[in-house]
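Listed below are the residues making up each chain.
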Amino acid sequence: MNNIDIIFLHGSMHGAWCWNNFVNYLNVKEHRTFAIDFKWENSKEIEIKDYIDILDSTVKKCNNKVVLVAHSMGSLVALNYAKFNSNKVYKIILISPLPIKNVYKVERKPIFFRK
């Protein structure tokens, strides 16, 4: 798959800046990358749905199915988004994901046993 649209989702207490090295490297490889910043500036209580809406607005800018790369809290956003928008997601890469119940059941085989 050429010219992949890749969206990076940071964990809590981080920002889009934590993905800068990845974004710079992949842009050179001619992939479109987006690093979402989940800052919330107003006094409204934040819900996961707010973050999912931010992700959805970024996905709408993409021409292809997207690859979501998510760390920590970002994994919660990525998996919940994909649960209801699987037609828009090509792959999900989770880095130190939060333990999540009732989103997906993940097969727990070591990678070297997979074919």
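Residues numbered from 1 in each chain as written. Predicted model: local features only at pLDDT ≥ 70, side-chain atom pairs only at ≥ 80, totals over all residues. Heavy atoms only, no water.

**Some details on the environment of Phe 38**
So, step 1. Secondary-structure assignment places Phe 38 in the loop between β2 (32-36) and α2 (48-59).
So, step 2. Judged by its relative accessible area of 4%, Phe 38 falls in the buried class.
So, step 3. Along the sequence, Phe 38 and Gly 74 sit 36 residues apart, while their C-alpha atoms lie 9.2 Å from each other.
So, step 4. Every residue in contact with Phe 38, bar those within four places of it in the chain, is listed here: Leu 9, His 10, Tyr 51, Ile 54, Met 73 and Val 77. (Helix = DSSP H or I, 4+ residues; strand = E, 2+ residues; numbered from the N terminus. Buried < 20%, exposed > 50% of the residue type's maximum accessible area, 1.4 Å probe, protein only. Contact = heavy atoms within 4.5 Å.)

**Some details on unusual backbone geometry**
So, step 1. For Met 13, which is not glycine, the phi dihedral falls at a positive 65 degrees.
So, step 2. Turning to its location among the elements, Met 13 is positioned in the loop between β1 (5-9) and α1 (20-28).
So, step 3. Of note in the backbone geometry, Ser 72 takes a positive phi value of approximately 50 degrees without being a glycine.
So, step 4. As for its position among the elements, Ser 72 is in the loop between β3 (66-71) and α3 (73-84).
So, step 5. Residue classification places Ser 72 among the buried residues on the basis of a relative accessible area of 17%.

**Observations concerning the pattern of salt bridges**
So, step 1. Applying the stated criterion across every chain yields a total of 4 salt bridges.
So, step 2. In this structure, the salt-bridge partner of Asp 5 is Arg 32, at a minimum N-O distance of 3.0 Å. Of this pair, Asp 5 sits in strand β1 while Arg 32 sits in strand β2; the two residues are 27 residues apart in sequence, bridging distant segments of the chain.
So, step 3. Since its relative accessible area comes to 35%, Arg 32 is described here as partly exposed.
So, step 4. The partner of Asp 53 in a salt bridge is Lys 49, and the shortest N-O contact between them spans 3.2 Å. Here Asp 53 and its partner Lys 49 are both found in helix α2, 4 residues apart, which amounts to about one turn of the helix.
So, step 5. Residue Asp 53 is classed as partly exposed on the basis of its relative accessible area, which comes to 39%.
So, step 6. Owing to a relative accessible area of 53%, Lys 49 belongs among the exposed residues under this scheme.
So, step 7. A cluster of three or more residues bridged by salt bridges with shared partners is formed by Asp 56, Lys 60 and Lys 88. (Salt bridge = Lys/Arg side-chain N within 4 Å of Asp/Glu carboxyl O.)

**Structural notes on the confidence of the model for the protein**
So, step 1. Predicted confidence across the protein gives a mean pLDDT of 83, with 80% of residues reaching 70 or more.
So, step 2. Predicted confidence is poor over residues 104-115, with pLDDT under 50, and the contacts of this stretch with residues over four places away or in other chains come to 5 contacts. (pLDDT = per-residue confidence, 0-100.)

**Notes on the sheet that holds β3**
So, step 1. The parallel open sheet is built from 4 strands, whose spatial order is β2-β1-β3-β4. With one partner strand each, in any of the chains shown, β2 and β4 (89-95) form the two edges of the open sheet. Looking at each pair of strands side by side, their axes are set apart by 15 degrees on average, direction ignored.
So, step 2. Contacts from α1 reach β1 and β2 within the one sheet, and its direction differs from that of β2 by about 165 degrees.
So, step 3. Where α3 meets the sheet, it contacts β1, β3 and β4, and its direction lies at approximately 145 degrees from that of β3. (Pairing = 2+ DSSP bridges. Axes fitted to C-alpha atoms, helices over the stretch in contact; angles between N-to-C directions.)

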